[in-house]
Amino acid sequence: MRISRRFSLAMALAAAVSGCAGEDASRDVVDQTPAGFVGGAGCEGCHAEETSLWEGSHHDRAMQHANDETVLADFDGTRFRGNGIDVRFRRTEEGGFALETERADGVRATFEVEYTFGVEPLQQYLVAMPGGRLQALNVAWDTRPAGAGGQRWFHLYPGERVPPGDELHWAGRNMNWNYMCAECHSTDLRKNYDVESDSFATEWSDIDVSCEACHGPGSNHVAWADAEANGDELLFPTAMGLVVDLAAGEHEWQIDAATGLATRSPELDENTQVEACGRCHARRSTQGDYRYGRPLADTHRVSLLDEQLYHADGQIRDEVYVFGSFVQSTMYEKGVACSDCHQPHSGEVLVDGNGLCNQCHLAEKFDVFEHTQHAAGTEGAACVDCHMPERTYMVVDGRRDHSFRVPRPDLSDVVDSPNACTTCHTDKTNSWAAGRVQEWFPDSDQRGGHYGEAIAAGRTGATTASASLRQLADDWEQPAIARATALSLLGRYPGSETLEALARALSNSDPLIRAAALGSMRTYDPGTRARLAYPMLRDRNRSVRLQAARALASVPLGELPEVERATVLAGVDELIEALEINAERAEFQLNLGVLYAETGRADEAEQAYRRAIERAPQAIAARVNLADVYRAQSRDAEGEILLREALSLEPDNADVHHALGLLLIRRGQRSAAALSLEQAWRGAPAKSGYGVAYALALDSLGDLAGSTSVLREVIRRHPRDPQVLSALVQASRKAGDGEAALEYARRLLDALPRDRGVQQLVRELEAGRQGG
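Residues numbered from 1 in each chain as written. Predicted model: local features only at pLDDT ≥ 70, side-chain atom pairs only at ≥ 80, totals over all residues. Heavy atoms only, no water.

**Q** Would you explain the overall build of the protein in this entry?
**A** The number of helices and strands found in the protein is 34 helices and 18 strands. In terms of overall dimensions, the protein is globule-like: its C-alpha atoms have a radius of gyration of 29 Å, near the 28 Å expected for 772 residues. Its C-alpha atoms give the protein principal-axis dimensions of roughly 95 × 70 × 65 Å. Put simply, the protein has 772 residues, and 50% of those count as buried. Within the protein, residue pairs in contact and separated by at least 24 positions form 56% of the contacts whose partners lie at least 6 positions apart. Surface summary for the protein: the accessible area is close to 36,200 Å², and the carbon and sulfur share equals 49%. Placing the 78 positive and 116 negative side-chain charges of the protein at their respective mean positions leaves the two points 8 Å apart. (Helix = DSSP H or I, 4+ residues; strand = E, 2+ residues; numbered from the N terminus. Rg over C-alpha atoms; globule rule 2.2 N^0.38 Å. Buried < 20%, exposed > 50% of the residue type's maximum accessible area, 1.4 Å probe, protein only. Contact = heavy atoms within 4.5 Å. Areas by Shrake-Rupley, 256 points an atom, 1.4 Å probe, with all protein chains shown as cover. Lys, Arg positive; Asp, Glu negative; His and termini not counted. Charge placed at Lys NZ, Arg CZ, Asp CG, Glu CD.)

Written out as structure tokens, the structure is:
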């Protein structure tokens, strides 16, 4: 017996053209004629139903001109006092909306609201500032009903004083609309940033998220529609002039009564729709002009399961906007697209409550007490409460995890992650929850190993990390984003086996995996990087090409065949172009500085680092890196000024202490250098190189015993680190301890089994022991 659930084009995020179900629409642009944006207002005539669904949606109201209809907050003499600030809201004589608060320099001033931003459950307000900037006030209006705690002003960082000059101050760069928000709240957004004047001339075709934000520029489609209406020859007969077909296609979800689970018929070859929605529903940064119909990673750098963003098992931690969660899910693997659950034009779910899940999960099997173990109608009986736990962001905005995971309380203590059971039953332990799940589902296959264990090991430096990460990277059954995360973490565990895993990943079909593998190659010698990364400069995906260029940037051109040099230089130019897209940001200027320094362009590196400091006066890394540029130019006196300036900003910063210690060694101040290097190592024990540098400084002061003691402490934390093992070999030989030197040399060979120099070292030490 099979129960079918049919999804038609009317329910999918389709081309939105009546009667187009039989058209053979292509994923990419069919005709070479460039399409232009025409504005969403021109779509309503033919697409009245879609327009009606869209009007009033979150997309429609993503950004609006501030007026009596759009402003939801109370500006009639209200005020917000808290977080060390006092903000007053009022109407202007002209009927506008104004607020009085502190400027970036701390002086109070009055500003007029230009635009509203968002609508539910909160609304922010945008203020125009010099240089074409729009800034989002960090005091927002809670649009929920008063009975739900809303209809009030609140601060986005409750209890936290955000002083003028802080990047999170409303006038700071992290509250800047042009960079932080604009691409995803308006259509055909052109940032138009000028680096010389540090100013914007930002433009859009539609102020909100209109038709062309998702479907792409529509001029060719309009031409097709006009030709059809007039009976003229069709200019774009195969794809109706559309840049991309977002339809999930005519399909059925056929439920197997035995398992209660659905299978898509036909299978989905490419989930173009998810990639399109991911442009704005993903944690990512821009690295090129968006290309409709291409994978998201072609124009955006998609965040992996990074520690500050996700728990080790992939559950959401920070504000990550759905995509990174969804691509971990079995739903995604089986071909579920956004429009299978959401009406694409209104954004609302197709069915409320458990009925949404029952479309593809047999209610008689899953929407019953035997499965939920909670009484019908209670919170625990709702599918989303167990399989899509909610986390609150921006104080009032609850968002659900879209990885659709089975609760794993047995995993929580292993990888330090939450689970739906004890998040609700706060008085219970993870082991209690795991026992109940075991009792209810003794034959479940949803226990055992999980990719979160390898990621947790990689994050913490566990002895099993390298092997576990390699195994995950090679496991085709695991989500690509998890495998890419494993590859990114493998960069912390260099060695021949790691290199082999990275090399294997370069042939993978997923660009996230290829790019992550390249990103972990930077610690390897130039010849190895040239051999593996050079072919990837011709990859179709830009994320991959950019990581290849990054891996090759520090390879001396003289070591490359002449025919390859031009290709590498072109790749570096593409990387510079990608970084310059966000040139208003200090972190991108920092990355530009690193790239210029690696390619021998010292003057441009200095300029980029100076710009980074101008854009973020608290920037530490830019000062450290600029001091290193000065080192190469024999300008250590200027470098020391920068480093001491950095310490005045962050007295305990380990990176600064390390750089200062090395500088002091160069200036002959070995005792002072040892003190700085000790502070660096104590402050960042996870950085093995800092421990080695401190140990060498002690050795230079004649304290070989102290040096060896430090190295032994470092090796306990980093048991396979080649740099630490090499230093221990030398220290042991210097102390006349041949047995210890041989032991460490053998461990070094185990970490680098194909290194001929290490092989020779072991042979020499073994011969010395035999000769002795």
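And the narrative resumes.
**Q** Sorry if this is basic, but what is going on with the state of the cysteines here?
**A** In protein chemistry, a disulfide is the covalent bond that joins the sulfur atoms of two cysteines. Evaluation of the coordinates by the stated rule reveals one disulfide. Between the sulfur atoms of cysteine 184 and its disulfide mate cysteine 280 the distance is 2.4 Å. Note on the cysteine 184 and cysteine 280 pair: the S-S dihedral is about -95°, so by sign convention the disulfide is left-handed. Taken together, the positions of cysteine 184 in helix α3 (residues 182-185) and cysteine 280 in the loop between α6 (272-278) and β15 (284-286) put the pair 96 residues apart, joining distant regions of the chain. The closest cysteine sulfur to the non-disulfide-bonded cysteine 46 is located on cysteine 43, 8.7 Å from its own sulfur. Its relative accessible area of 62% is what places cysteine 46 among the exposed residues. Cysteine cysteine 360 remains unbridged, with the sulfur of cysteine 341 as its closest cysteine sulfur at 7.2 Å. Judged by its relative accessible area of 15%, cysteine 360 falls in the buried class. (Disulfide = S-S within 2.5 Å.)

**Q** Would you mind going over the nonpolar core with me for this structure?
**A** One recurring pattern in soluble globular proteins: nonpolar side chains tend to sit buried together. One finds Leu487, Leu518, Leu552 and Tyr609 to be the most contacted residues of the largest nonpolar core, which totals 93 residues. Ranked by size, the runner-up nonpolar core spans 34 residues in total, among them Ala695, Leu698, Ile715 and Leu725. (Core = buried A, V, L, I, M, F, W, Y, C linked by side-chain atoms within 4.5 Å.)

**Q** Which parts of the structure should I look at to understand the packing of helix α25 (residues 602-615) against helix α26 (residues 621-632)?
**A** The packing of two helices is summarised by the inter-axis angle and the distance between the axes. The geometry of α25 relative to α26 is characterised by a closest axis approach of 9 Å and an angle of 155° between their N-to-C directions. By the angle class used here, α25 and α26 are roughly antiparallel. Regarding α25 and α26, the two cross each other, and that crossing is left-handed. Residues Ala602, Ala605, Glu606, Tyr609, Arg610, Ala612 and Ile613 of α25 pack against Ala622, Arg623, Asn625, Leu626, Val629 and Tyr630 of α26. (Axes fitted to C-alpha atoms, helices over the stretch in contact; angles between N-to-C directions. Parallel < 35°, antiparallel > 145°, perpendicular 65-115°, else oblique. Left-handed = near helix turned anticlockwise from the far one by under 90°.)

**Q** How should I be thinking about the packing of aromatic side chains in this particular structure?
**A** Here the distance between the centres and the angle between the planes together describe a pair of aromatic rings. Inspection of every chain in the model, using the stated rule, returns 15 aromatic pairs. Taking 5.8 Å as the distance between ring centres and 75° as the angle between the ring planes, the aromatic pair formed by phenylalanine 326 and tyrosine 332 counts as edge-to-face. Tyrosine 332 gets classed as partly exposed once you look at its relative accessible area, which sits at 26%. Chaining the aromatic ring pairs together yields one cluster made of Phe75, Phe89, Phe97, Tyr125, Trp141 and Trp153. Arginine 91 extends its terminal NZ or CZ atom over the ring of phenylalanine 97, reaching a point 4.0 Å from the ring centre. Above the face of the tryptophan 476 ring, arginine 483 is positioned so that its terminal group lies 4.9 Å from the ring centre. (Phe/Tyr/Trp six-rings, centres within 6.5 Å; stacked < 30°, edge-to-face > 60°. Lys NZ or Arg CZ within 6 Å of the ring centre and 35° of its normal.)

**Q** Just to check I follow, could you spell out the pairing of strand β6 (residues 108-117) for this structure?
**A** A regular strand carries its side chains on alternate faces of the sheet. As judged from the three bridges shared by strand β2 (residues 63-65) and β6, these two strands associate in the antiparallel manner. Each residue of the ladder has a partner; that of histidine 65, found in β6, is tyrosine 115. When strand β5 (residues 97-102) meets β6, the two strands line up antiparallel, connected through five bridges. For glutamate 102, the partnering residue across the bridge sits in β6 and is arginine 108. As consecutive antiparallel partners, β5 and β6 are separated by five residues, and within that stretch glycine 106 has a phi angle of approximately 90°, a positive value. Here four bridges tie β6 to strand β7 (residues 122-129), and the two strands are oriented antiparallel to one another. By the bridge assignment for β7, threonine 116 is matched with tyrosine 125. Hairpin geometry of β6 and β7 is characterised by an intervening segment of four residues between the two adjacent antiparallel strands and by a positive phi of about 80° at glycine 118. (Pairing = 2+ DSSP bridges.)

**Q** Would you take a moment to explain empty space enclosed by the protein for this structure?
**A** If you roll a probe as big as a water molecule over the atoms, it shows you where there is empty space left. A full pass over the atoms with the stated rule returns four cavities of 30 Å³ or more. There is about 80 Å³ of room inside the largest cavity. Considering the residues around the largest cavity, the lining is formed by 13 residues, among which Gln315, Arg405, Val406, Pro407 and Arg408 are closest to the centre. Grouping the amino acids of the lining of the largest cavity by side-chain chemistry returns six nonpolar, four polar and three charged. The space that makes up the second largest cavity amounts to roughly 60 Å³. Forming the walls of the second largest cavity are Asn83, Ile85, Thr101, Glu102, Asn138, His155, Glu160, Arg161, Val162, His169 and Trp170. (1 Å grid on protein atoms, 1.4 Å probe; cavity = no way out; pocket = protein on both sides within 12 Å on 5 of 7 lines; lining within 4 Å. Points joined across faces, edges and corners; volume = space filled by probe spheres on them. Nonpolar A, V, L, I, M, F, W, Y, C, P; charged D, E, K, R; others polar.)

**Q** Even after reading the chapter, I still don't get the packing of helix α16 (residues 451-460) against helix α17 (residues 465-473), so can you show me in this structure?
**A** Following both chains from N to C, one finds α16 and α17 inclined at 140°, their axes separated by 8 Å at the closest point. With respect to α17, the element α16 is oriented oblique. As for the relative orientation of α16 and α17, their crossing is left-handed in sense. Along its contact with α16, which presents Tyr451, Ala454, Ile455, Ala457 and Gly458, the element α17 presents Ala465, Ser468, Leu469 and Leu472. Per-class residue counts for the contact of α16 with α17 are seven nonpolar, two polar and no charged.

**Q** Even after reading the chapter, I still don't get α25, so can you show me in this structure?
**A** Residues spaced three or four apart along an α-helix face the same direction, because each turn holds 3.6 residues. With 14 residues, α25 ought to run about 20 Å at 1.5 Å a step, and its terminal C-alpha atoms sit 20 Å apart, in line with that. Of the positions making up α25, those classed as buried are Ala605, Glu606, Ala608, Tyr609, Arg611, Ala612, Ile613 and Arg615. Structurally, α25 contributes buried residues whose contacts are with β11 (193-194), α24 (586-598) and α26. (Expected span 1.5 Å × (residues − 1).)

**Q** Help me understand helix α27 (residues 636-649) in this model?
**A** With 14 residues, α27 should reach 20 Å at 1.5 Å per residue; the first-to-last C-alpha distance of 20 Å fits that figure. When we look at burial in α27, the residues that qualify are Asp636, Gly639, Glu640, Leu642, Leu643, Ala646 and Leu647. Projected down its long axis, α27 carries its buried residues within an arc of 160°, all on one side. Opposite its buried face, α27 presents the exposed residues Ile641 and Ser648, each directed more than 90 degrees away. Against α25, α26 and α28 (654-666) lie the buried residues of α27. (Arc of directions from axis to C-beta.)

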